[in-house]
Amino acid sequence: MPRYGGPEVLEYVSDHPQPVAGPDQVVVRVRASALNHLDLFIREGIPTLKLQLPHILGADVAGQVAEVGSDVTDLEVGERVVVNPGIACGACEYCAIGEDSLCVDYRIIGEHLPGGYAEYVAVPARNVARMPSDFPWETAAAAPLVYMTAWRLLISRARVRPGEDVLILGAGSGVSTAAIQIAKLAGCTVYATSSSDEKLAKAKGIGADVLVNYRTMPWSQAVWELTGRRGVDVVLDHVGEATFKDSVRALRRGGRLVSPGATTGPMVELDMRLLFWRQISILGSTMASRREFEEVLKLVFMGRLKPVVDKSFPLREARLAHEYLGRGEQFGKVVLTVD
Ligand SMILES: [Zn+2]
């Protein structure tokens, strides 16, 4: 990516120098790298993020260890690994208590550092997790960012409990497909919204119990009625401006709204009377700690959580993949494969 802009700024370069492993790093030969909505924001340019261009996108990586740094003793060349895209400083007060994603110098591979849209990427050895030998590359690459995000969000932040009603907006997004499965595994009743009956049918296939098409009815009112005019315990809203007001309205008294992002815009309006009188909690969450990453990846590799791969593109067609993700027609993850 030599400059910011639309999908057309993505360029496939065949002569990029191969990274070298620092003492505490490994170089991973990338076999698959998943797209995230974050990639589109970075490509378009985030005002507060000053990157050295050209930049290589890609937070999610699965591949084989190709080179091991001099201080790395527990990994060998050829091992199959997935990468935790979050890099913490290891020294601040938040790192000291294991809260990686609160780190004052938290960085994400593919955002602040060169990422996985490449044949090789250098990452800290402590960020890689071994994957089972028979696990597909694309499915593994589809897991890290969205599963760690959805896990922290629902399990650590919203603290969902068996029997609770959890509403997940925009059933087709990567975080949503992960969250539907995690909420289901936690014993919750899962409500999912989408504008597409086809996506809702797929959401049902991965565990959603109650389906709401927001094209055919106002969804917060539908949720209100479907819960017997009580509201849901938890809303996962990653949409932001377009949905926040309705998300608050869909909550029961004492309910929690949890957000890992705001794809339609960050500025929202909140009626404070609803906040205090209904005793609502609004919780932010981003990425996850190393422990949360390991907890959720374990469930992925056991097959208890199943990353949904919507479509794969070869690396040189990254532009087409960005156009496809930009249209929002996917259900689950869009993945780049590297031969
Ligand atoms: Zn730190």
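This report concerns the structure included in the present document.

Cut-offs applied
Residues numbered from 1 in each chain as written. Predicted model: local features only at pLDDT ≥ 70, side-chain atom pairs only at ≥ 80, totals over all residues. Heavy atoms only, no water. Helix = DSSP H or I, 4+ residues; strand = E, 2+ residues; numbered from the N terminus. Expected span 1.5 Å × (residues − 1). Buried < 20%, exposed > 50% of the residue type's maximum accessible area, 1.4 Å probe, protein only. Contact = heavy atoms within 4.5 Å. Pairing = 2+ DSSP bridges. Right-handed = clockwise from strand over helix to strand, strands pointing away. Phe/Tyr/Trp six-rings, centres within 6.5 Å; stacked < 30°, edge-to-face > 60°. Lys NZ or Arg CZ within 6 Å of the ring centre and 35° of its normal. Patch = residues over 30% accessible without salt bridge, like charges linked within 9 Å, V, L, I, M, F, W, Y side chains within 5 Å. Areas by Shrake-Rupley, 256 points an atom, 1.4 Å probe, with all protein chains shown as cover. Salt bridge = Lys/Arg side-chain N within 4 Å of Asp/Glu carboxyl O. Core = buried A, V, L, I, M, F, W, Y, C linked by side-chain atoms within 4.5 Å. Donors = N, O, S within 2.8 Å, 3.2 Å for Na, K, Ca; no water. Tetrahedral: all angles 85-135°; square planar, octahedral: opposite > 155°, others 65-115°.

### Quick look at helix 5 (residues 174–185)
And step 1. For helix 5, built from 12 residues, the straight-helix expectation of 16 Å at 1.5 Å per residue is met to within 8% by its first-to-last C-alpha distance of 17 Å.
And step 2. For helix 5, a buried count of 10 out of 12 residues is recorded, marking the element as mostly surrounded by other parts of the structure.
And step 3. Among the residues making up helix 5, those that are buried are Gly 174, Val 175, Ser 176, Thr 177, Ala 178, Ala 179, Ile 180, Gln 181, Ile 182 and Ala 183.
And step 4. Directly beyond the C-terminal end of helix 5, a positive phi value near 90° is found at Gly 187.

### Here we look at the environment of Ser 247
And step 1. Inspection of the secondary structure assignment puts Ser 247 in helix 8 (residues 244–249).
And step 2. We classify Ser 247 as buried; its relative accessible area is 0%.
And step 3. As for Ser 247 and Val 258, which are separated by 11 residues in sequence, their C-alpha atoms are 9.8 Å apart.
And step 4. With residues up to four places along the chain from it excluded, the contact list for Ser 247 reads Leu 169, Trp 219, Val 235, Asp 237 and Leu 257.

### Section: the pairing of strand 9 (residues 189–194)
And step 1. Taken across its six residues, strand 9 has five buried, putting it largely inside the fold.
And step 2. Bridge count for strand 8 (residues 165–168) against strand 9 is four bridges, and the pairing is parallel. Residue pairing across strands places Val 166 opposite Val 190, the latter belonging to strand 9.
And step 3. You can see the chain leave strand 8, run along helix 5 and come back into strand 9, and the turn it takes is right-handed.
And step 4. Sheet topology places strand 9 next to strand 10 (residues 210–213); four bridges connect them, and they run parallel. Across the sheet, residue Ser 194 finds its bridge partner in strand 10, namely Asn 213.

### A word on the environment of Leu 226
And step 1. Tracing the chain through its elements places Leu 226 in helix 7 (residues 219–226).
And step 2. In this structure Leu 226 comes out as partly exposed when scored by relative accessible area, which is 46%.
And step 3. For Leu 226, the residues in contact, after removing those within four places along its chain, are Tyr 191, Val 210 and Val 212.

### Here we look at the packing of aromatic side chains
And step 1. Evaluated as defined, the whole model comprises two aromatic pairs.
And step 2. Here the guanidinium or amino end of Arg 80 rests over the ring plane of Trp 137, the centre of that ring lying 4.0 Å away.
And step 3. Over the ring of Tyr 324 we find Lys 311, and its NZ or CZ is 4.9 Å from the ring centre.

### A look at a nonpolar patch on the surface
And step 1. A cluster of nonpolar side chains, contributed by Leu 270, Met 272, Phe 276, Trp 277 and Ile 282, occupies part of the molecular surface with about 560 Å² of accessible area.
And step 2. With three residues, the top contributor of residues to the nonpolar patch is helix 9 (residues 272–277).
And step 3. Tracing the backbone shows Ile 282 in strand 13 (residues 281–284).

### What to know about the nonpolar core
And step 1. Core analysis: the biggest nonpolar cluster contains 97 residues, and Val 26, Val 82 and Tyr 147 have the highest contact counts within it.
And step 2. With sequence-adjacent residues up to four places away left out, Val 82 is seen in contact with Val 61, Ala 62, Asn 127, Val 128, Ala 129, Met 131, Ala 140, Pro 144, Phe 293, Leu 297 and Phe 301.
And step 3. If you look at the next biggest cluster of nonpolar residues, it comprises 17 residues, including Leu 167, Val 235, Leu 257 and Ile 280.

### Here we look at the pairing of strand 3 (residues 80–83)
And step 1. Pairing geometry for strand 2 (residues 60–68) and strand 3, over three bridges, is antiparallel. By the bridge assignment, Gln 64 is partnered in strand 3 with Arg 80.
And step 2. Relative to strand 7 (residues 128–130), strand 3 runs antiparallel, the two sharing three bridges. Looking across to strand 7, one finds that Val 82 is bridged to Ala 129.

### Description of the coordination of the zinc ion
And step 1. Here the zinc ion is held by the protein donor atoms Cys 89 (SG), Cys 92 (SG), Cys 95 (SG) and Cys 103 (SG), which lie 2.3 to 2.4 Å from it.
And step 2. Around the zinc ion sit four donor atoms, and with donor-metal-donor angles ranging over 102 to 115° the site reads as tetrahedral.
And step 3. Between consecutive donors of the zinc ion, the numbers of intervening residues give the motif C-x2-C-x2-C-x7-C. Of this pair, Cys 89 sits in the loop between strand 4 (86–87) and helix 2 (93–96) while Cys 103 sits in the loop between helix 2 and strand 5 (107–108), placing them 14 residues apart in sequence.
And step 4. Overall, the relative accessible area of 37% leaves Cys 89 in the partly exposed class.

### Looking at unusual backbone geometry
A negative phi angle characterises most non-glycine residues, just as the trans form characterises most peptide bonds.
And step 1. Omega for the bond connecting Leu 53 with Pro 54 falls within 30 degrees of zero, at 0°, which places this linkage in the cis form.
And step 2. Its location among the elements puts Pro 54 in the loop between helix 1 (37–44) and strand 2.
And step 3. The backbone phi angle of Arg 159 is positive, close to 50°, even though this residue is not glycine.
And step 4. For Arg 159, the position within the fold is in the loop between helix 4 (144–157) and strand 8.

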